[in-house]
Amino acid sequence: MINPEHWFAVFTEKLKAVFGGRLLFVGCQGSYRRGEADENSDIDAVVILDKIGFEDLEKYKTAVSSMPEGEKACGFISGADEIKSWAGHELFQLYHDTKAVYGDLGDLIPPLGAKDAEAAVKSGAQVLYHGAVHSFLYARDLSFVLQELYKGVFFILQAEYYVRSGEYILKKRELISKLEGEEKEVLQICSARKEIPSYPTEKVKYCCKKLMEFCRGRIKGPRI
């Protein structure tokens, strides 16, 4: 596994060398940000430039490929104008889950609040509900699709808990300790989602049913 502090420090210097003053922000997101990474985890980078042309993506791709385990790098790259105009409900998780390495993300996006979190809950629930229904009907292997879909449960519950409490909980383990009932159950399934492909057929179907039920109520808005 990489040392994220060292990896992002080196990566930032490479980006400065390539883009100079055009580089506005670099941040670490995802499992490395939350301290939940394992040897298979992606390295999620958030990078904002003053503007982005296709040739900038070529340069960025070269910088990434020169990094140790660069093949695991993914994440979000944008120009300043695009990020300022991005939908608030999609920026909510990006903003709260990203640790700044260079620059300040708050200088580049409009203020976010409970309304954005509420919209994030609804939007996320719609995506997962459709994914669960479609996959149950048509997927060749439902278990592997559910393994990916359940990842989104955590983000929905993060936003919903923020609406209720004003507190953004970064780690799954801490959020589980604050939940009960259905919320706790689906987040526990989410935390163990890599095991879903090993479940017997009836348990896989149960996980799909729980995901549908979880999302159905939240399509109307977060539970406060």
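Here, every reference points to the structure presented above.
These notes cover the structure that comes with them. Remember, it's a predicted structure, so these values are computed and weren't measured experimentally.

Check the secondary structure of the protein chain and you find 11 helices and 4 strands. Relative to the compact-globule value of 17 Å for 224 residues, the protein chain shows a C-alpha radius of gyration of 19 Å, a close match. Counting only C-alpha atoms, the protein chain reaches 55 × 35 × 30 Å along its principal axes. Counting only residues that meet the buried cut, the protein chain has 45% of its 224 residues in that class. Restricting to contacts in the protein chain with at least 6 residues of sequence separation, those with at least 24 account for 72%. Counting only carbon and sulfur atoms, one obtains 51% of the accessible surface of the protein chain, whose full area is about 11600 Å². Side-chain charges of the protein chain comprise 31 positive and 33 negative groups, with the mean position of each set lying 4 Å from the other.

So, about the sheet that holds strand β1 (residues 23–29). Taken in spatial order, the 4 strands line up as β3-β2-β1-β4 in an open sheet, and their pairing is mixed. Lying at the two open borders of the sheet, with one neighbouring strand each, are β3 (73–79) and β4 (99–102). The sheet shows a mean angle of 25° between the axes of neighbouring strands, direction not considered. As paired elements, β1 and strand β2 (residues 43–49) share 6 bridges and run antiparallel to each other. When the sheet's bridge partners are listed, Gln29 is paired in β2 with Asp44. Where helix α5 (residues 88–97) meets the sheet, it contacts β1, β2, β3 and β4, and its direction lies at approximately 80° from that of β1.

Bringing the packing of aromatic side chains into the picture now. The final tally for this structure, using the stated rule, is 7 aromatic pairs. Considering the side-chain rings of Phe92 and Tyr162, the 5.1 Å spacing of their centres and the 65° angle between planes classify their relative orientation as edge-to-face. Of this pair, Phe92 sits in helix α5 while Tyr162 is found in helix α8 (residues 151–165), placing the two residues 70 residues apart along the sequence. Taken as a pair, Phe92 and Tyr162 share a single burial class, namely buried.

Okay, the nonpolar core next. If you look at the biggest cluster of nonpolar residues, it comprises 37 residues, and the most contacted ones within it are Leu146, Tyr150, Val153, Leu157, Leu175, Leu187 and Leu211. If you list the elements that add at least two residues to this core, you get α6 (114–138), α7 (142–149), α8, α9 (172–177), α10 (181–191) and α11 (201–218). Aside from chain neighbours lying at most four places away, what touches Leu146 is Ile196, Val204, Cys207, Cys208 and Leu211. Ranked by size, the runner-up nonpolar core spans 18 residues in total, among them Cys28, Tyr32, Ile43 and Val64.

Right, let's talk about the side chain of Asp116 for a bit. As for its placement among the helices and strands, Asp116 is situated in helix α6. Of the side chains bearing the opposite charge, Lys115 lies closest to the buried Asp116, which forms no salt bridge; the N-O distance is 10 Å. Beyond its immediate chain neighbours, meaning those up to four positions away, Asp116 contacts Gly88, His89, Phe92 and Pro111.

For side chains bearing opposite charge, pairing can occur when the charged atoms are close. Counted according to the given criterion, the structure contains 17 salt bridges. Between Lys172 and Glu36 there is a salt bridge, and its shortest N-O distance comes to 3.3 Å. Of the two residues, Lys172 is situated in helix α9 and Glu36 in the loop between α2 (31–34) and β2; the sequence distance between them amounts to 136 residues. For Glu36, a relative accessible area of 28% puts it in the partly exposed group. One salt-bridge network, held together by shared partners, links Glu160, Arg164, Glu182, Glu183 and Arg218.

Take α8 next. With 15 residues, α8 ought to run about 21 Å at 1.5 Å a step, and its terminal C-alpha atoms sit 22 Å apart, in line with that. Of all 15 residues that make up α8, 11 are buried, and the element is covered over most of its length. By the burial criterion, the buried members of α8 are Gly152, Val153, Phe154, Ile156, Leu157, Gln158, Ala159, Glu160, Tyr161, Tyr162 and Val163.

Quick look at the environment of Glu185 now. Relative to the helices and strands, Glu185 is located in helix α10. In this structure, the C-alpha to C-alpha distance between Glu185 and Lys210, residues 25 residues apart in sequence, is 8.9 Å. With residues up to four places along the chain from it excluded, the contact list for Glu185 reads Tyr206 and Lys210.

Cut-offs and rules
- Residues numbered from 1 in each chain as written.
- Predicted model: local features only at pLDDT ≥ 70, side-chain atom pairs only at ≥ 80, totals over all residues.
- Heavy atoms only, no water.
- Helix = DSSP H or I, 4+ residues; strand = E, 2+ residues; numbered from the N terminus.
- Rg over C-alpha atoms; globule rule 2.2 N^0.38 Å.
- Buried < 20%, exposed > 50% of the residue type's maximum accessible area, 1.4 Å probe, protein only.
- Contact = heavy atoms within 4.5 Å.
- Areas by Shrake-Rupley, 256 points an atom, 1.4 Å probe, with all protein chains shown as cover.
- Lys, Arg positive; Asp, Glu negative; His and termini not counted.
- Charge placed at Lys NZ, Arg CZ, Asp CG, Glu CD.
- Pairing = 2+ DSSP bridges.
- Axes fitted to C-alpha atoms, helices over the stretch in contact; angles between N-to-C directions.
- Phe/Tyr/Trp six-rings, centres within 6.5 Å; stacked < 30°, edge-to-face > 60°.
- Core = buried A, V, L, I, M, F, W, Y, C linked by side-chain atoms within 4.5 Å.
- Salt bridge = Lys/Arg side-chain N within 4 Å of Asp/Glu carboxyl O.
- Expected span 1.5 Å × (residues − 1).

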